[in-house]
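A closer look at the structure
One-letter residues, chain by chain:
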Amino acid sequence: MKPPTKRLSDLKGGKPKAGTFAPPTPMVSRQKRAKVLTAAERAAFLASRPDLKPKR
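Residues numbered from 1 in each chain as written. Predicted model: local features only at pLDDT ≥ 70, side-chain atom pairs only at ≥ 80, totals over all residues. Heavy atoms only, no water.

1. Things to note about the overall build of the protein
Put simply, the rule is: Here a strand is any run of E in DSSP of at least two residues, a helix any run of H or I of at least four, and the numbering for each starts at the N terminus. Burial here depends on accessible area, computed with a 1.4 Å probe over protein chains only, as a share of the maximum for the residue type. Under 20% is buried, over 50% is exposed, and the range in between is partly exposed. Values of accessible area rely on a 1.4 Å probe in the Shrake-Rupley scheme; residue burial ignores everything except the protein chains shown.
Within the protein, the regular secondary structure consists of three helices and zero strands. Reading the protein from its N end, one meets helices and strands in the order α-α-α. Counting over 56 residues, the protein shows a buried share of 2%. Carbon and sulfur atoms make up 62% of the accessible area of the protein, which totals about 6500 Å².

Okay, here's the thing in structure tokens:
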């Protein structure tokens, strides 16, 4: 007779311990911050893209 299959929750280990703060990985630190457009820049961008409709 075949033993019953185990659930995935039974195969997982316990909860990970809350460790100390780790600095960000190089990939995260290389990401650029997003630029927030001014109202004039946003209007110019949307005027150049007729396929995008401004949300009101």
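2. Section: a nonpolar patch on the surface
Basically, it comes down to this: Surface patches are defined over residues having more than 30% relative accessible area and no salt bridge, joining like charges when they lie within 9 Å and nonpolar side chains (Val, Leu, Ile, Met, Phe, Trp, Tyr) when within 5 Å. The rule for a salt bridge is simple: a side-chain nitrogen of Lys or Arg has to be within 4 Å of a carboxyl oxygen of Asp or Glu.
Taken together, Leu-37, Phe-45 and Leu-52 make up a surface patch of nonpolar side chains, about 250 Å² in accessible area. Note on placement: Phe-45 falls in helix H3 (residues 39–48). Owing to a relative accessible area of 39%, Phe-45 belongs among the partly exposed residues under this scheme.

3. Digging into the pattern of salt bridges
It is possible for side chains of opposite charge to pair when their charged atoms get near one another. Scanning the model with the defined rule gives two salt bridges in all. In this structure, Glu-41 engages Lys-35 in a salt bridge whose closest nitrogen and oxygen atoms are separated by 3.1 Å. By relative accessible area, which is 34% here, Glu-41 ends up partly exposed. Note that Arg-49 and Asp-51 form a salt bridge whose closest N and O atoms lie 2.9 Å from each other. The exposure class of Asp-51 is exposed, given its relative accessible area of 53%.

4. Points about the confidence of the model for the protein
Which entries qualify depends on this criterion: Here pLDDT means the predictor's own confidence in every residue, given as a number from 0 to 100.
Averaged over the protein, the pLDDT score is 76; the fraction of residues at 70 or greater is 71%. Of all the helices and strands in the protein, helix H1 (residues 8–11) carries the lowest mean pLDDT, 63, while H3 carries the highest, 92.

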